[in-house]
2 protein chains.
Amino acid sequence: MATPEPNTTKRADARMNAAAIVDAATRLLARDPDASLADIAREAGVGRVTLYGHFDSRATLIAAVVDAAMARAESELSDVDLDGEPVEVMRRLLAASWRLTHRHGALVQAAEKSLSSEDLHEAHLEPIARMRTLLERGRSAGRFRDDMPLAWQITTIQDILHGASRAVYRGEHTPDVAGELIEATVLAVLAPPTGE
Amino acid sequence: MATPEPNTTKRADARMNAAAIVDAATRLLARDPDASLADIAREAGVGRVTLYGHFDSRATLIAAVVDAAMARAESELSDVDLDGEPVEVMRRLLAASWRLTHRHGALVQAAEKSLSSEDLHEAHLEPIARMRTLLERGRSAGRFRDDMPLAWQITTIQDILHGASRAVYRGEHTPDVAGELIEATVLAVLAPPTGE
């Protein structure tokens, strides 16, 4: 095996440092949404100068953390079987989405505080597209109500998932109970109205 | 009329300045959730030193803006007639809550970004208490489902109102359509399950 050129090694080191910083930030922000850049540098075992060399602000770093988290989430969500009766598929998709949301703990709050509404939307494009396909299929099949805009249903589902994450962080519910509440609430929101 | 003591005048001026800064911040943050302290000082017609004399950080100022906004909201919400059939009362209370939430525009986002989950909860104690009383009455009367924790129903309603505020700010719905969607969604969340 050839010895790599010094520059290649440096670039590889830099990539490893950046990855280590993103990993450390993911761990720390999951516990403490207000963790500072200094805290994150310490957790990553790098100096602040090194950290600033990769990420020029807390917002830039959090954006990178969210991108990495969403990429991992995407690889798990793409395993969910989307075939079958729409309500059953929705149950599976919500359960997987909640597992992933909950695993990231307070990172959800750090992201909501640090990123703009547009950037958060941007980061969720793939889960949104998957949810949209399922909602369209369920609406056509008469299993979900279609008298509300799709965009409203999608953001309501996201808001319920993120609200559950904050409620669990505040200690109001266990993660398991929150999972059941998410399912019951979202299915109630989507159920075709029966009239009174 | 006696001439006020110089110190009294100074204190009165300081109170007026603080009120002018809070008013200016309320106007500006409603349009731009990322408005800086320098922007707010300019809008209020005071120097940055004066502003920092009253509010030592952006978070402190936003907390004061939210307190003032919630106090005004409280005086309007307390006019809502809470007697009568719970579903009808809920419609009235949601309509008034949405009018107030929407009037504050992007301030909702500024507050969510700047304040902790606990501080936001603290600021909403009176509307939460009112909503709780109505939910308890509707649950006892069998008009709202009681197989979910009250705290979950309350935060879900808040999340739906705040999510609507962000969606209107992004231009996805008109305020009137958002009001209808809030009502339909919250009533669906609260309706006792009928079984399939």
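The model shown is predicted, which means the values in this text are computed figures rather than measured ones.

Draft legend 1. Focus on the domain arrangement of chain A. Residues and elements named next belong to chain A. Considered domain by domain, chain A is made up of domain 1 (1–56) and domain 2 (69–190). Distance from the C-alpha centre of domain 1 to the C-alpha centre of domain 2: 30 Å. Across the domain 1 to domain 2 interface the summed buried area is about 560 Å²; carbon plus sulfur atoms make up 61%. Looking only at domain 1, the three residues that lose the most surface to domain 2 are T26, A30 and P33, adding up to 66% of its buried area. On inspection of domain 1 and its partner domain 2, the count reaches one salt bridge.

Draft legend 2. Focus on the interface of chain B and chain A. At the junction of the two partners, chain B supplies 31 residues and chain A supplies 32 residues. A combined buried area of about 2,600 Å² lies between chain B and chain A, and 61% of that area is made up of carbon and sulfur atoms. There are two salt bridges connecting chain B and chain A. Residue R166(A) is joined to D159(B) by a salt bridge in which the shortest nitrogen-to-oxygen separation is 2.9 Å. Across the contact surface, chain B and chain A share six residue pairs in polar contact (both at pLDDT 80 or more). Where the side of chain B that touches chain A is concerned, the elements lending two or more residues are helix 6 (107–114), helix 7 (117–123), helix 9 (150–169) and helix 10 (175–190) of chain B. Per element, the largest residue contribution to the side of chain B that touches chain A is nine residues, and it comes from helix 9 of chain B.

Draft legend 3. Representation of the pattern of salt bridges. Under the definition given, this model contains 26 salt bridges over all chains. One salt bridge in this structure joins E43(A) and R27(A), with 3.0 Å as the shortest N-O distance. Of this pair, E43(A) sits in helix 2 (residues 37–44) while R27(A) sits in helix 1 (residues 6–31), and the two are 16 residues apart along the sequence. Judged by relative accessible area, which is 42%, R27(A) ranks as partly exposed. Residue R42(B) pairs with D39(B) through a salt bridge whose shortest N-O separation is 3.6 Å. You can see R42(B) and its partner D39(B) sitting in helix 2 (residues 37–44), three residues apart, about one turn around the helix. Where salt bridges share partners, they join R27(A), R31(A) and E43(A) into one cluster.

Thresholds applied
- Residues numbered from 1 in each chain as written.
- Chains lettered and ligands numbered in written order.
- Predicted model: local features only at pLDDT ≥ 70, side-chain atom pairs only at ≥ 80, totals over all residues.
- Heavy atoms only, no water.
- Domains from an automatic or database assignment.
- Buried area = accessible area lost by both parts, 1.4 Å probe.
- Salt bridge = Lys/Arg side-chain N within 4 Å of Asp/Glu carboxyl O.
- Contact = heavy atoms within 4.5 Å.
- Polar contact = N/O pair within 3.5 Å; in protein donor to acceptor, adjacent residues only side chain to side chain.
- Helix = DSSP H or I, 4+ residues; strand = E, 2+ residues; numbered from the N terminus.
- Buried < 20%, exposed > 50% of the residue type's maximum accessible area, 1.4 Å probe, protein only.

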